[in-house]
Amino acid sequence: MRNQNITLGIIIGNRDFFPDKLVSEARAEVLKMLNEQGIKPIILEEKDTKLGGVETYADARKCADLFKMHKNDIAGVLVVLPNFGDERGIADTLQLADLQVPVLIQGYPDELHKLNVANRRDSWCGKISVCNNLYQYGIKYSITTKHVVHPTDPSFLEDLRQFIGVCRVVKGMKNVRIGAIGARPTAFNTVRYSEKILQKNGISVVTCDLSEILGHANKLGPDHPRVKAHLEKIHNYASTGKTPSESLIQMAKLDVVLNDFMEENQLDANAIQCWTSLQQNFGCNVCTSSSMFSEGMIPSACEVDVTGTLSMYAMQLASGSPSALVDWNNNYADDDEKCVLFHCGNWAKSFLPDIEISNAPILGTTVGVENTYGALDGRTPASPLTYGRISTDDTKGIIKAYVGDGQLTNDELNTFGNRAVAQIPNLQGLMKHICKNGFEHHVVMNASHTSGALKEAFENYMGWEVYHHEG
């Protein structure tokens, strides 16, 4: 994913008894690399301080003032050490700017045949000093995989890619607003959560009784222009299969009202009541609308799983692609590292190349299959997999999470609904962690490998308790 619309503050550390050319060369190399990666830099001009670097307190004030002018745009800060650098100048800059964003520390490697006075860097040592000072100042920071690394090295570019994901998550999770539509289904104690713990972490929940949504939807006739427009949107989104026209109209009416609710309340994601009020009182499933929301980068979960849709939102931020809420549902034959992921389903179209609007056979056994149209049918093919879950632990008063990476496979799977086969190293150990720590049966999947970014964002910058499953 190209890093469109990402802005980083850049601090080039300097110490004046090192060669000037090292700073000038680093500046040119870093700016060229950032341009190639589609990242906008906010950086001192070379005329603002000596070579545009930061060394003295006066330099720190100039850089901090520049950063504060762009505070709403800067998602993170990259500290570049072409030489030892001045650790106090860097720490003072970050303290004075008070951006409260992720910080990545990079140091240039020395070349073994260039350890003379004219070329020596000492960034290996300088990076330790910078980190020590940031630790003293209470400023949170991230480090690269290699202690020192050239900014064009593939290892650094991967670190930068992950860091951008961290920045997106940390920035995006500030003041996020989630719509909770309807009451939690009585049978789903597993999706209980604490609004107060979420609010303490800057996450707001806007509630709405399902009867209000259905009441507004019932006032819309089949010939209403907006109903017709949303009906066309549904037809353009997925094959309707054998879905009756009257069910499609109900789905369109529901979609109109749900979109109005989201826009009126400026919401970033939603979680909607499903089992079984919608089917009994309105005669359709909400899955198609949820899928369209998620495909449009507005995560939508069923069963009023608010922390489930929050997990979807976080993964979407990290990867730049839609997420899906799924059940850890079945073993896969006798393979201890594979399992079946399933939902009725409401997965984003990106996961379902063979998407078709259908019904929900399991739910249909109690409410009548004719009342469950709107559920989607489709198989997710092989792809990278990041999985995870955010949960409020009310007894501890904290937010906790688990994340990890695996693969989705093309193994045979003959069933209905939205479905996939996941392969995860030490899956049995992961299941033990989930069960022993009281996590929900719902998990979120994303077609990426971004668990490292999620862990760093949640744990280091947001202060949550995180288990990173690595097999």
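These figures come from a predicted structure and were not determined experimentally.

## Some points on the overall build of the protein
And step 1. Within the protein one finds 15 helices and 18 strands.
And step 2. Taking the principal axes of its C-alpha atoms as reference, the protein extends roughly 80 × 50 × 45 Å.
And step 3. Among the 471 residues that make up the protein, the fraction classed as buried is 58%.
And step 4. Counted over contacts in the protein with a minimum sequence separation of 6, partners at least 24 positions apart contribute 78%.
And step 5. The distance from the centre of the 44 positive side-chain charges to the centre of the 55 negative ones in the protein is 4 Å.

## Some details on the pattern of salt bridges
And step 1. Tallied over the entire structure, the rule returns 20 salt bridges.
And step 2. Two residues, Lys114 and Glu111, come together in a salt bridge whose shortest N-O distance is 3.8 Å.
And step 3. Lys400 is the salt-bridge partner of Asp393, the closest N and O atoms lying 3.1 Å from each other. The exposure classification of Asp393 matches that of Lys400, with both residues buried.
And step 4. Linked by salt bridges that have partners in common, Arg15, Asp86, Glu87 and Arg88 make up one network.

## Observations regarding the packing of helix H8 (residues 225-237) against helix H9 (residues 245-264)
And step 1. Taken N-terminus to C-terminus, the directions of H8 and H9 make an angle of 105 degrees; their axes are 8 Å apart at the nearest point. By the angle between their directions, the pair H8 and H9 is classed as roughly perpendicular. Of the residues in H9, those touching H8 at Arg226, Val227, His230, Leu231, Lys233, Ile234 and His235 are Leu248, Ile249, Met251, Ala252, Lys253, Asp255, Val256, Asn259 and Asp260.
And step 2. Grouping the constituent residues of the contact of H8 with H9 by class yields eight nonpolar, three polar and five charged.

## Some points on the sheet that holds strand E9 (residues 300-302)
And step 1. Across the sheet, four strands lie side by side as E7-E6-E8-E9; this open sheet has parallel pairing. Both edges of this open sheet fall to strand E7 (204-208) and E9, since each of them pairs with a single strand only. Each strand axis lies, on average, 20 degrees off the axis of its neighbour in the sheet, ignoring direction.
And step 2. Judged from the three bridges that link them, strand E8 (residues 269-272) and E9 form a sheet pairing that is parallel.

Cut-off values and rules
Residues numbered from 1 in each chain as written. Predicted model: local features only at pLDDT ≥ 70, side-chain atom pairs only at ≥ 80, totals over all residues. Heavy atoms only, no water. Helix = DSSP H or I, 4+ residues; strand = E, 2+ residues; numbered from the N terminus. Buried < 20%, exposed > 50% of the residue type's maximum accessible area, 1.4 Å probe, protein only. Contact = heavy atoms within 4.5 Å. Lys, Arg positive; Asp, Glu negative; His and termini not counted. Charge placed at Lys NZ, Arg CZ, Asp CG, Glu CD. Salt bridge = Lys/Arg side-chain N within 4 Å of Asp/Glu carboxyl O. Axes fitted to C-alpha atoms, helices over the stretch in contact; angles between N-to-C directions. Parallel < 35°, antiparallel > 145°, perpendicular 65-115°, else oblique. Nonpolar A, V, L, I, M, F, W, Y, C, P; charged D, E, K, R; others polar. Pairing = 2+ DSSP bridges.

Scope: geometric values only; no functional claims are made or implied.
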